[in-house]
Amino acid sequence: MRVIHRAQDNMKLIELSVSDDRHKLFARVVPQIDCQNVTVEDIRREIVTISPPELLEEDVINDICLELRQNRGCDARRVAKGTEPEAGRDGKLVWLVRRFCPGKSSSEEREFADFFTLGLFENIEAGREIARIYRPGSGKDGIDVQGKKIPAKPGKPYNARCDKTVELRSDPAHENYTAVVAANAGYVHDEGEKFSVRDTLHISGNLDWNMGHIDFVGHVKVMGDVQKGFHIKARGNVDILGSALGENVFTSQRSISIKGFHHGFEHSSVSAQGDYSVGIAHGVSADVGGNIIVAKEARDCLFRAGLGILASGAAVVGGSSWCVKGFEAKVIGNEAGVTTVVELRNELEVTKEYRVLADMIRKHETAVAALELHIGPYLKNRQRVPLLKNPFRAKMSGLLAKYDSVAQSLEKLREQERTMRESGPVQEDSRVNIVGEAFPGAEFAAGEVRLTLKERVVGPVTYRKPAQQGEWIIEKFQGMKKG
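These numbers come from a predicted model, not from an experiment. (Residues numbered from 1 in each chain as written. Predicted model: local features only at pLDDT ≥ 70, side-chain atom pairs only at ≥ 80, totals over all residues. Heavy atoms only, no water.)

S.K.: An account of the overall build of the protein chain is needed here, citing residue identities and associated values.
M.R.: The helix and strand inventory of the protein chain stands at five helices and 34 strands. Computed over the C-alpha atoms, the radius of gyration of the protein chain is 43 Å, more than 25% above the 23 Å expected from 2.2 N^0.38 for a compact globule of 483 residues. Viewed in the frame of its principal axes, the protein chain has a C-alpha envelope of about 140 × 70 × 40 Å. Counting all 483 residues of the protein chain, 44% fall into the buried class. Taking contacts inside the protein chain between residues at least 6 apart in sequence as the whole, the part at least 24 apart equals 43%. Surface summary for the protein chain: the accessible area is close to 25400 Å², and the carbon and sulfur share equals 50%. The average position of the 68 basic charges and that of the 67 acidic charges among the side chains of the protein chain differ by 4 Å. (Helix = DSSP H or I, 4+ residues; strand = E, 2+ residues; numbered from the N terminus. Rg over C-alpha atoms; globule rule 2.2 N^0.38 Å. Buried < 20%, exposed > 50% of the residue type's maximum accessible area, 1.4 Å probe, protein only. Contact = heavy atoms within 4.5 Å. Areas by Shrake-Rupley, 256 points an atom, 1.4 Å probe, with all protein chains shown as cover. Lys, Arg positive; Asp, Glu negative; His and termini not counted. Charge placed at Lys NZ, Arg CZ, Asp CG, Glu CD.)

S.K.: How would you explain the sheet that holds strand E5 (residues 92-95) if you had to name every residue and give the values?
M.R.: Pairing within the open sheet is antiparallel, and its four strands lie in the order E5-E6-E10-E9. Strands at the two margins of the open sheet, each flanked by one partner only, are E5 and strand E9 (166-171). Recorded for the sheet is a direction-independent mean angle of 30° between the axes of neighbouring strands. (Pairing = 2+ DSSP bridges. Axes fitted to C-alpha atoms, helices over the stretch in contact; angles between N-to-C directions.)

S.K.: Provide a residue-level description of the pairing of strand E6 (residues 129-134), including the pertinent values.
M.R.: Of the strand pairs in this sheet, E5 and E6 are connected by four bridges, and their pairing is antiparallel. Within the sheet, the bridge partner assigned to Trp95 lies in E6 and is Ala131.

S.K.: A description of the pattern of salt bridges should follow, citing residues and the corresponding values.
M.R.: Following the criterion strictly, the structure yields 28 salt bridges and no others. Between Asp9 and Lys12 there is a salt bridge, with the nearest N and O atoms lying 2.7 Å from each other. You can call Lys12 buried: its relative accessible area is 2%. Among the ionic pairs, Glu57 bridges to Arg78, the shortest N-O distance being 3.0 Å. (Salt bridge = Lys/Arg side-chain N within 4 Å of Asp/Glu carboxyl O.)

S.K.: So what's going on with the packing of helix H1 (residues 40-47) against helix H2 (residues 58-69)? Residues and values would help.
M.R.: H2 packs onto H1 with a crossing angle of 125° between their chain directions and a minimal axis gap of 9 Å. The orientation of H1 with respect to H2, classified from their angle, is oblique. Considering only the axes of H1 and H2, their crossing is right-handed. Here H1 contributes Val40, Ile43, Arg44 and Ile47 to the contact with H2, which in turn contributes Glu58, Ile61, Asn62, Ile64, Cys65 and Leu68. Looking at the contact of H1 with H2 residue by residue, the class counts come to seven nonpolar, one polar and two charged. (Parallel < 35°, antiparallel > 145°, perpendicular 65-115°, else oblique. Left-handed = near helix turned anticlockwise from the far one by under 90°. Nonpolar A, V, L, I, M, F, W, Y, C, P; charged D, E, K, R; others polar.)

This is the structure we're talking about:
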């Protein structure tokens with residue numbers, strides 16, 4: 001401390017010192033011969049020569065006056081105090097969405113989610129505000145003990161480390177922050193010091209309990225396997241570099257690719273507006289708008305392709321394949337003679353709507369057959385029903401009414417099916433290509449015309465769809481191309 005004011009009279013000697021930080025004023029008071037006559041105003045008058053009145057410690061001044069009157073002084077009592085400056089708050093980033101933070105999920109996320117539906121990130125559409133960067137505060141100036149301003153230290157601005165996948169937008173209506181807006185659809189990938197909106201979700205290992213089901217607006221790429229029971233739904237492509245181990249549902253508005261083995265059967269399905277590519281498929285049910293491409297083998301699969309089924313280097317054994325452009329395989333069927341059906345259909349017949357209709361027809365046909373068994377001879381001899389005694393007469397009348405209703409509904413469904421078939425005839429150049437060989441048990445169908453192989457056929461050879469209702473045409477091999 002340093003002394004900045006000194007005064008002496010017959011009542012007191014007073015020295016005023018300022019602390020090193022300029023925030024406090026201290027008084028040293030020594031009583032003089034007439035100290036009993038000192039007043040508060042005598043002491044106060046000296047202090048206000050240094051500090052503004054509003055900074056004085058009035059209680060302390062009063063106490064010093066009382067001590068002086070009793071011939072007691074003080075060495076260093078604080079008689080005034082300034083106001084310290086308040087530093088401005090630093091700029092900060094406030095998230096408005098749930099983002100994916102590698103290595104920081106687990107316990108906090110799983111507390112409120114089952115292991116299949118973890119929800120580790122949030123789907124983001126382009127143009128959505130995902131965060132706000134608040135500007136730093138200017139702080140509040142302080143006042144030293146002499147009434148002079150002490151400038152506040154402003155806060156540090158937030159240094160946003162982001163790339164072109166986000167945009168920073170200022171809005172005059174909100175001057176205290178800058179909006180962070182997604183430039184493309186995807187998810188927010190937050191690495192702590194840097195963030196971005198990624199349109200491809202990379203899963204470095206297997207899709208399992210660590211990630212749960214995936215429902216994403218972009219592309220999904222799994223570097224390992226998709227474990228049993230886990231599903232993927234994506235607006236973009238789905239690429240699985242490993243295998244899919246069963247009970248998986250894959251849906252894409254573009255294409256789906258599985259490099260390894262795809263195990264299907266119950267609770268499994270594939271739906272894509274583009275292509276479906278697979279290494280080895282077993283019991284897979286696939287509905288695609290593009291091509292189905294098999295690298296090695298497809299066994300007991302249900303394929304529906306809006307374009308073609310391309311398996312020029314693979315064996316297709318068992319199951320049923322519907323396609324529009326054509327079918328090509330290295331091997332069709334096997335030496336055991338397992339039934340392997342290939343049907344050339346029109347664009348409407350390979351749609352889900354048609355298959356729903358076909359399924360309803362089968363259910364109605366089953367119901368009609370069951371009712372015919374229950375009704376027996378009374379179906380053709382309805383005039384005998386009134387002669388029966390109750391309650392058998394009432395029961396038989398009810399069965400006949402139900403039969404008529406189901407039969408009428410069945411006829412309407414069959415009419416819808418005929419309309420769908422006739423409105424989109426099978427393409428003229430559609431064909432079945434045998435690259436290597438086809439075994440007995442292989443069946444080819446186009447419209448109402450079917451061909452079942454009775455002997456082994458050695459390729460390469462092309463089976464052309466029959467003109468109108470004629471026979472299948474066998475001709476020189478003409479390979480198929482994707483598209």
